[in-house]
Amino acid sequence: MRIRLCLAALSLAGGAGLATLSAPSATATSTTAVTTAAAACTDVEVVSARGTFEPGTLGFIVGDPVYSALKKKVAGKSLSSYAVDYPANLSPTSAARGNTDLVNHVRSQAAACPNQRFVLVGYSQGANVVDNSIGISSAGAVVGSPIVATLPAAVEPKVAAVLLFGNPIRAIGKSVTGTYQSRTLDICAKGDPICERGGGDTGAHLSYRDDADAAATFAAGKL
């Protein structure tokens, strides 16, 4: 598994040209989007977008360990999770499909469960998915895409925290600004070539399990 993830990271590090390929327009995507069904109304839902080729329920490197750590830190609240449904591959439309699914799911869930709050988690390409969904375009980043959907203003107060790891937009000099900035923890390991311009340590991109507890502490403080 580690070999496959390393190959994926190496492909991303050397594949910036993929990000320049065209992604579907907002109109084209919205006509084919499928609205996701709402799940049970827990106090908090963790919505996780995994990285490219990342295995695991929510993501072996980030989503799964963050969810486990957060459960321990918010013991007085009920917690559920949702894995963003998208290819998480090197297709130029992959991040856009994740963007659409995340927004559709959170909108549906928020309508069905008015008191539920959300923690958005994104790793690598999944960080692009979350970036787009909160209105920060990942176009031009490795496996990024133009924004095809954004969380509506009515949902914004329900998003308690945004946790990003190995975020590709950082390598092109961008970051989360504006409405969600104070609720965002954006972690880039030293030398990670996916989020650090000029970074050369591919292994750093696979190190984010080490940050799960700190990220869960940050999110718990926002709930």
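Cut-off values and rules
Residues numbered from 1 in each chain as written. Predicted model: local features only at pLDDT ≥ 70, side-chain atom pairs only at ≥ 80, totals over all residues. Heavy atoms only, no water. UniProt positions renumbered as here; feature names shortened; annotations may be inferred. Buried < 20%, exposed > 50% of the residue type's maximum accessible area, 1.4 Å probe, protein only. Helix = DSSP H or I, 4+ residues; strand = E, 2+ residues; numbered from the N terminus. Pairing = 2+ DSSP bridges. Right-handed = clockwise from strand over helix to strand, strands pointing away. Axes fitted to C-alpha atoms, helices over the stretch in contact; angles between N-to-C directions. Parallel < 35°, antiparallel > 145°, perpendicular 65-115°, else oblique. Left-handed = near helix turned anticlockwise from the far one by under 90°. Contact = heavy atoms within 4.5 Å. Nonpolar A, V, L, I, M, F, W, Y, C, P; charged D, E, K, R; others polar. Disulfide = S-S within 2.5 Å. Phe/Tyr/Trp six-rings, centres within 6.5 Å; stacked < 30°, edge-to-face > 60°. Lys NZ or Arg CZ within 6 Å of the ring centre and 35° of its normal.

Per an unreviewed UniProt entry, the chain is named Cutinase, and its organism is Streptomyces caelestis. UniProt, in the comment section headed Sequence similarities (unreviewed entry), describes the chain in these words: "Belongs to the cutinase family."

Looking at this structure, I do not really get the pairing of strand E3 (residues 117-123). What am I missing?
Here is the key point about a regular strand: its side chains alternate between the two faces of the sheet. With six of seven residues buried, E3 is to be regarded as a mostly interior element. Pairing geometry for E3 and strand E4 (residues 159-165), over six bridges, is parallel. If you follow Leu120 over to E4, its bridge partner there is Val162. Note that the unit made of E3, helix H5 (residues 125-133) and E4 has a crossover that is right-handed.

I'm lost on the packing of helix H3 (residues 63-73) against helix H6 (residues 212-222) in this one. Help?
Each pair of packed helices can be summarised by the angle the axes make with each other and by the distance between the axes. In contact at an axis separation of 8 Å, H3 and H6 are set at 50° when each is read in the N-to-C sense. Overall, the two elements H3 and H6 adopt an arrangement that is oblique. As for how H3 packs across H6, the hand of that crossing is right-handed. Contacts between H3 and H6 involve Pro65, Val66, Ala69, Leu70 and Lys73 from the former and Ala212, Asp213, Ala215, Ala216, Thr217, Ala219 and Ala220 from the latter. When the residues that make up the contact of H3 with H6 are grouped by side-chain class, the tally is nine nonpolar, one polar and two charged.

Just to check I follow, could you spell out the state of the cysteines for this structure?
Structurally, a disulfide amounts to a covalent bond that connects the sulfur atoms of two cysteines. Counted by the stated rule, this structure contains two disulfides. Linked covalently through their sulfurs, Cys188 and Cys195 form a disulfide whose S-S length is 2.0 Å. Between Cys188 and Cys195, the S-S torsion sits near 90°, and that sign places the bridge as right-handed. Its relative accessible area of 3% is what places Cys195 among the buried residues. Disulfide partners in the chain, listed by the sequence order of the bonded cysteines, are 1-2, 3-4.

What is the right way to read the packing of aromatic side chains from this model?
Two measures describe an aromatic ring pair: the distance that separates the ring centres and the angle between the ring planes. Tallying each qualifying case throughout the model produces two aromatic pairs. Taken together, the ring pairs in this structure connect Tyr123, Phe165 and Tyr208 into an aromatic cluster. A cation over a ring is seen here: Arg209 above Phe60, with NZ or CZ 4.7 Å from the ring centre.

Which parts of the structure should I look at to understand the environment of Ser91?
Turning to its location among the elements, Ser91 is positioned in the loop between strand E2 (79-83) and helix H4 (94-112). Taking the C-alpha atoms as reference points, Ser91 and Gly144, 53 residues apart in sequence, are found 9.9 Å from one another.

Got a minute to help me understand the sheet that holds E3 in this structure?
Two modes of strand pairing occur in sheets, parallel and antiparallel, and in both the strands are linked by backbone hydrogen bonds. Within the open sheet, the five strands sit side by side as E2-E1-E3-E4-E5. Their pairing is parallel. Two strands bound the open sheet, and with one partner strand each, they are E2 and strand E5 (184-187). Neighbour-to-neighbour, the strand axes of the sheet open up by a mean angle of 15°, direction not taken into account. Across five bridges, strand E1 (residues 44-49) lies against E2 in parallel orientation. Counted as the bridge partner of Val44 is Leu79 from E2. Those strands touched by H3 are E1, E2, E3 and E4, and its axis lies near 170° from that of E2.

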